Amino acid sequence: MLRDTTVLMNEQRIFKPNYHVVEEAHVKNWEAELEKGKDIEKYWAEKAEQFEWFKEWDKVLDDSDKPFFKWFVNGKINLAYNAVDRWISTEKRNQVAILYVNERGEEKKITYYELYREVNKMANALRNLGIKKGETVSMYLPMCPELLISMLACNKIGAVHSVVYSGLSVGAFVERMNDADAKVLITADGTYRRGKIIDLKKIVDEAVLQCPTIETIVVVKHTGSPIEISDLSGREILYDRLVEGEPDTFAPEEMDSEDPLFILYTSGSTGKPKGVLHSTAGYMVGVATTLKNVFDIHENDLWWCTGDIGWITGHSYVIYGPLLLGCTTLVYEGAPDFPDPGIWWRIVEKYGVTKFYTAPTAIRHLMRFGNKYPNLYNLSSLKILGSVGEPINPEAWIWFYENVGKGKTPIMDTWWQTETGMHMISPLPVAGLKPGSATKPLPGIHAEVVDEQGEPVPLGKGGYLVIKKPWPAMFRTLYHDEERFKDVYWKEFPGCVYRAGDMARIDEDGYIWIQGRSDDVLKIAGHRVGTSEVESAFVSHPAVAEAAVIGKSDPIKGQVIKAFLILKEGHNINTTIIEDLKRHVRYELGPVAVLGEIVQVDKLPKTRSGKIMRRILRAKEEGEDLGDTSTLEE
Ligand code: PRX
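Source: prediction; values computed, not measured.

J.: Honestly, the nonpolar core in this entry has me stumped. Any pointers?
T.: Generally speaking, a soluble globular protein has its nonpolar side chains buried in company with each other. Formed by 161 residues in total, the largest nonpolar core has its most connected members in Phe 72, Leu 115, Met 122, Leu 152, Ile 186, Leu 330 and Trp 345. Among the elements that take part in this core, helix H10 (residues 280–295) stands out by supplying 9 residues, more than any other. The contacts of Leu 152, once residues within four sequence positions are left out, are Ala 80, Ala 83, Val 84, Leu 115, Val 119, Ile 319, Tyr 320 and Leu 323. In this structure, Val 164, Leu 168, Val 529 and Val 534 belong to the second largest nonpolar core, which totals 44 residues.

Okay, here's the thing in structure tokens:
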């Protein structure tokens, strides 16, 4: 895919047709807005004025204790109040806030007023369960309205939520749950996927046996399949029963700007998953501003982000961004190709979606079915399209642009991360576009591409992507792991600049081309999967002595896993063991860990201190030069 990008980069073809959206865009002049963003404190303070504060901040940015930056110091605010309550006294009161649709064709519309009442009931219920400000509530839920309601209820009472993606399985779930010290877990009976019901409760039943902090399990009856309230100690309660009779008003907790908002686990290159911690006010300012600028959100927009709420894309742009801007957010549960590959386009037509944000892997998957499906539907309501999660290859960009956008809608290729919380590098709708380039850092963002010493590299040359100045939605630390926070992100380059973990280059027009991760993190269908997590899953299988995994290119998923295994005495690779290994890894990690190839080896390349050199395996795989092998053991 990177090779394609290079070809197009050389072509330097710029797309700047007469998009009809340009007329109504909030930001009319890209370059002028970028200029404004040079003064970060002024720029972000102006954006913070869009909210209702209980108390305004004393200082925009406190950088006296780097890298622990603080934004909107001493401000008091509540996210749920601004995302929901604020709209109740306006004409938006009866506008649909959440439009839930699933692959079975069922829908549920929740207005801002209904959402307000539901969130308040749940806030009261959580309080009654004894949840105090600053305590953590975990969620393992499908894309259902109760997930959004529960997250907002947490904000309302000042609790910190930790949402675990419902596509992760027992092992991954236990690890995340135990790190977050949650007392309450909210889950569901199941979720719809390709015509089947995935039994989430069964996974939870198994996992919670290993989660000692969980005192209460709240179960949403979502699919209506029979569920067992299996715990006789009374630890489990149905969601409907919990909120029944609760008052529908609640005074929002006055949160300090820097109070923690949520923890979201993501994979790193080594060790356990990282609990990325976001705080309140800066996050709100960052996600609302970027969504408004990048997708030019107006109040009457029907916004659809297909990302799962279990990842950062869903947190920032399925729930928080759109509700903070007061538009309607479409929440879709199901697969992109079931009951047929026209389902997404049918939904766009039926509801009149105006802005549509998805991932390259989904586009590549749908592209396989040709132009037929997008051509079956009237997609003329679409004004802006977006892409996120991995570099988008130009073929997919152009297919999306021509078949879904009909050559009239610009594509916002947004580069960002769980850690950044918000879009960082992306065009605005008025920009000239190059397929495969996320274009330029957004206003207020100062990104650069540097060499190992932290010096800017010449134009066109690859280097490390860094962010030189703080931004409001930046993560504040790694939960339970401040040292790792400092070491992984802030120590490598001088001057306390943020190391993103991606390689990139800048072309002569100042456009940034993201080339992929510089570390051992895999991107499988846009999901971030840590090599060490997969290796641990393999090693926990009785036949495996040692494991090393790398990413192998895949035309649809971007990458899949290639595993090199040293098996224990008496075991040899064969189809039975491969099937068993696949089952085992799926049980530990869930369907995100897509296995492409498993090979048996006698030895793995290691440094003298015993660290596996995945770089060598990758180079061999790609038929590239092995590079510096001086640290290789043998
Ligand atoms: O490698 C980059 C890739 O996704 C990584 C962040 O993954 P995650 O924290 O899971 O967040 C994904 C959704 C924001 C980045 O380090 N990435 C994300 N967006 C792009 C991208 N790579 C290229 N182009 C993008 N637009």
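Having put the structure on the table, let's press on.
J.: Can you help me understand the site of the ligand in this one?
T.: Taken together, 17 residues lie near the ligand, and Thr 414, Thr 418, Asp 502, Arg 517 and Arg 528 sit nearest. The side chain of Arg 517 places a nitrogen or oxygen atom 2.7 Å from an oxygen atom of the ligand. One of the side-chain N or O atoms of Lys 523 is found 2.9 Å from an oxygen atom in the ligand. Going through the elements one at a time, helix H11 (312–325), strand E20 (411–414) and strand E25 (512–517) are the ones with two or more residues in the shell around the ligand. Residues belonging to the shell around the ligand are distributed by class as follows: 6 nonpolar, 5 polar and 6 charged.

J.: It is not clear to me how the sheet that holds strand E4 (residues 96–102) should be interpreted in this structure. Could you clarify?
T.: Whenever strands of a sheet pair, they do so through backbone hydrogen bonds, lying parallel or antiparallel. Taken together, the 7 strands give an open sheet; going across it, the order is E5-E4-E17-E16-E18-E19-E20, and neighbouring strands pair in mixed fashion. In the strand order of this sheet, the two ends are held by strand E5 (107–111) and E20, each with one partner. Geometrically, the sheet is characterised by an average inter-axis angle of 20° between neighbouring strands, direction not taken into account. Bridge analysis of strand E19 (residues 384–388) against E20 gives 4 bridges, and the strand direction is parallel. For Val 388, the partnering residue across the bridge sits in E20 and is Thr 414.

J.: Can you walk me through the sheet that holds strand E21 (residues 447–450) in this structure?
T.: Spatially, E21-E22-E24-E25 is the arrangement adopted by the 4 strands of the open sheet, whose pairing is antiparallel. Looking along the sheet, the strands with just one partner apiece sit at the ends: E21 and E25. Strand-to-strand twist in this sheet, taken as the mean axis angle between neighbours without regard to direction, amounts to 45°. Pairing analysis gives 4 bridges linking strand E22 (residues 463–467) to strand E24 (residues 498–506), with the strands arranged antiparallel. Following the sheet pairing, Val 466 is matched in E24 by Arg 499.

J.: Hey, could you run me through the packing of helix H4 (residues 79–88) against H11 in this one?
T.: Each pair of packed helices can be summarised by the angle the axes make with each other and by the distance between the axes. Interhelical geometry of H4 versus H11 gives an angle of 45° and a closest axis separation of 8 Å. The angle between the axes of H4 and H11 places the two elements in the oblique class. Where H4 crosses over H11, the handedness of that crossing is left-handed. Residues Leu 79, Asn 82, Ala 83, Arg 86 and Trp 87 of H4 pack against Tyr 320, Leu 323, Leu 324 and Leu 325 of H11. Partitioned by chemical class, the residues of the contact of H4 with H11 number 7 nonpolar, 1 polar and 1 charged.

J.: What is the right way to look at helix H7 (residues 170–180) in this model?
T.: An α-helix turns once every 3.6 residues. As a result, residues three or four positions apart point the same way. For H7, the tally of buried residues reaches 8 of 11 residues, placing the bulk of the element in the interior. Along H7, the residues classified as buried are Val 170, Ala 172, Phe 173, Val 174, Arg 176, Met 177, Asp 179 and Ala 180. In the stretch just after H7, Asp 181 is the one whose phi turns positive, near 50°.

Conventions and cut-offs
- Residues numbered from 1 in each chain as written.
- Predicted model: local features only at pLDDT ≥ 70, side-chain atom pairs only at ≥ 80, totals over all residues.
- Heavy atoms only, no water.
- Core = buried A, V, L, I, M, F, W, Y, C linked by side-chain atoms within 4.5 Å.
- Buried < 20%, exposed > 50% of the residue type's maximum accessible area, 1.4 Å probe, protein only.
- Helix = DSSP H or I, 4+ residues; strand = E, 2+ residues; numbered from the N terminus.
- Contact = heavy atoms within 4.5 Å.
- Near = heavy atom within 4 Å.
- Polar contact = N/O pair within 3.5 Å; in protein donor to acceptor, adjacent residues only side chain to side chain.
- Nonpolar A, V, L, I, M, F, W, Y, C, P; charged D, E, K, R; others polar.
- Pairing = 2+ DSSP bridges.
- Axes fitted to C-alpha atoms, helices over the stretch in contact; angles between N-to-C directions.
- Parallel < 35°, antiparallel > 145°, perpendicular 65-115°, else oblique.
- Left-handed = near helix turned anticlockwise from the far one by under 90°.

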